[in-house]
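Listed below are the residues making up each chain.
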Amino acid sequence: RSLTDQLEQATQRHRHQRHEMMLAPTCVFRPRLDGLFDDVIALKPTRQARSRVPTMALDLAESDTDYKVTVDVPGIDRENITIDVTKDNTLVIKAERKSTTEEKDDKTHYHRVERSYGAVTRTVRLPDTADADTTAAKLENGILEITIGKRSPPNTHNRINIE
């Protein structure tokens, strides 16, 4: 073989390798994409839907007299919710939504599973003026409202008189 033929062959190999490298990301993600489309076509729940972690959306508002925490807890019974205020003024809300589906039921075939189940905890650091002793909560239509009273801000400046 001549040097020209060897050079041409090496150039073709290099072009082929570059082409394969450009397709590499597609090859890596291909099985995941195929699995996703298989789930959609077969109407099976995706891995994402099966492993979804429940969350609680939360709003914290302040008025002249209190703080109001509003939390979305749809489908959670009041018996499955706990609210605590720790010594360092941290509000801890724990809730658990229990599954209503039977895992052992072989006769039921789910076409879609999107609802999430399990325990979730939210913590919120409250301002120093929050008074944990005047805390009240109510649950109505899947919305938890927690009202925390305010106390006077601590006096951070004391003037000391000289005798």
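### A word on the pairing of strand S6 (residues 130-140)
Phase 1: Relative to strand S7 (residues 143-150), S6 runs antiparallel, the two sharing eight bridges. Note on S7: the bridge partner recorded for Ala137 is Ile146.
Phase 2: What sits between the antiparallel neighbours S6 and S7 is a turn of two residues, in which Asn141 has the positive phi angle 55°.

### Section: the nonpolar core
Phase 1: Counting residues in hydrophobic clusters, the biggest one holds 18 residues, and the most contacted among them are Val73, Ile81, Leu91, Ile93, Leu144 and Ile148.
Phase 2: Put simply, the parts of the chain that give this core at least two residues each are strand S2 (66-72), strand S4 (90-97), strand S5 (118-125), S6 and S7.
Phase 3: In contact with Ile93, not counting residues within four places along its chain, are Met56, Leu58, Val69, Val71, Ile81, Thr82, Val120, Thr121, Arg122, Leu144 and Ile146.

### Observations regarding the environment of Asp84
Phase 1: With respect to the helices and strands, the residue Asp84 is situated in strand S3 (residues 81-85).
Phase 2: With relative accessibility at 42%, the residue Asp84 sits in the partly exposed group.
Phase 3: Residues Asp84 and Lys94, spaced ten residues apart in sequence, show a C-alpha to C-alpha distance of 8.7 Å.
Phase 4: If sequence neighbours within four positions are ignored, Asp84 has contacts with Thr90, Leu91 and Val92.

### Remarks on the sheet that holds S7
Phase 1: The antiparallel open sheet is built from four strands, whose spatial order is S1-S2-S7-S6. Of all the strands in the sheet, just strand S1 (58-62) and S6 have a single pairing partner and so form its edges. On average, adjacent strands in this sheet sit at an angle of 15° to one another, irrespective of strand direction.
Phase 2: Bridge analysis of S2 against S7 gives seven bridges, and the strand direction is antiparallel. Its bridge partner being in S7, Val69 is matched across the sheet by Ile146.

### Here we look at unusual backbone geometry
Phase 1: A positive phi angle, close to 60°, is found at Asn89, a residue other than glycine.
Phase 2: For Asn141, which is not glycine, the phi torsion reads 55° and is therefore positive.
Phase 3: Looking at the element boundaries, Asn141 is found in the loop between S6 and S7.

### Examining the side chain of Asn89
Phase 1: Residue placement: Asn89 occurs in the loop between S3 and S4.
Phase 2: Its relative accessible area of 9% is what places Asn89 among the buried residues.
Phase 3: For Asn89, the contacting residues outside a window of four places in its chain are Val124, Arg125, Leu126, Pro127, Asp128, Ala130 and Arg151.

### Notes on the sheet that holds S5
Phase 1: Ordered in space as S3-S4-S5, the three strands form an open sheet in which the pairing is antiparallel. Of all strands in the sheet, those with a lone pairing partner are S3 and S5, marking the two edges. Pairwise comparison of adjacent strand axes, ignoring direction, gives a mean angle of 10° for this sheet.
Phase 2: As paired elements, S4 and S5 share eight bridges and run antiparallel to each other. Residue Val92 lies in a different strand from S5, and its bridge partner there is Thr123.

The rules behind these values
Every chain begins its residue count from 1, and numbering advances along the sequence as written. Predicted model: local features are reported for residues with pLDDT of at least 70 only, side-chain atom pairs are reported and counted for 80 or more only, and whole-chain, interface and lining totals are derived from all residues. For the side-chain quantities, the full set of heavy atoms in the structure was used; hydrogens and water were omitted. Any two strands with at least two DSSP bridges between them are considered paired. A run of H or I in DSSP becomes a helix once it reaches four residues, and a run of E becomes a strand once it reaches two; helices and strands are each numbered from the N terminus. Take the buried Ala, Val, Leu, Ile, Met, Phe, Trp, Tyr and Cys residues and link them wherever side-chain atoms come within 4.5 Å; each set so joined is a nonpolar core. Type-normalised accessible area, obtained with a 1.4 Å probe on protein chains alone, sets the label of each residue: buried when under 20%, exposed when over 50%, and partly exposed for intermediate values. Contacts are residue-level and defined by heavy atoms, with any inter-residue pair within 4.5 Å sufficient. Structural elements are reduced to axes, namely lines fitted to C-alpha atoms, with helices fitted over the stretch in contact, and the angle between N-to-C directions of any two is expressed from 0 to 180 degrees.

Shape is all these values report; function is a separate question.
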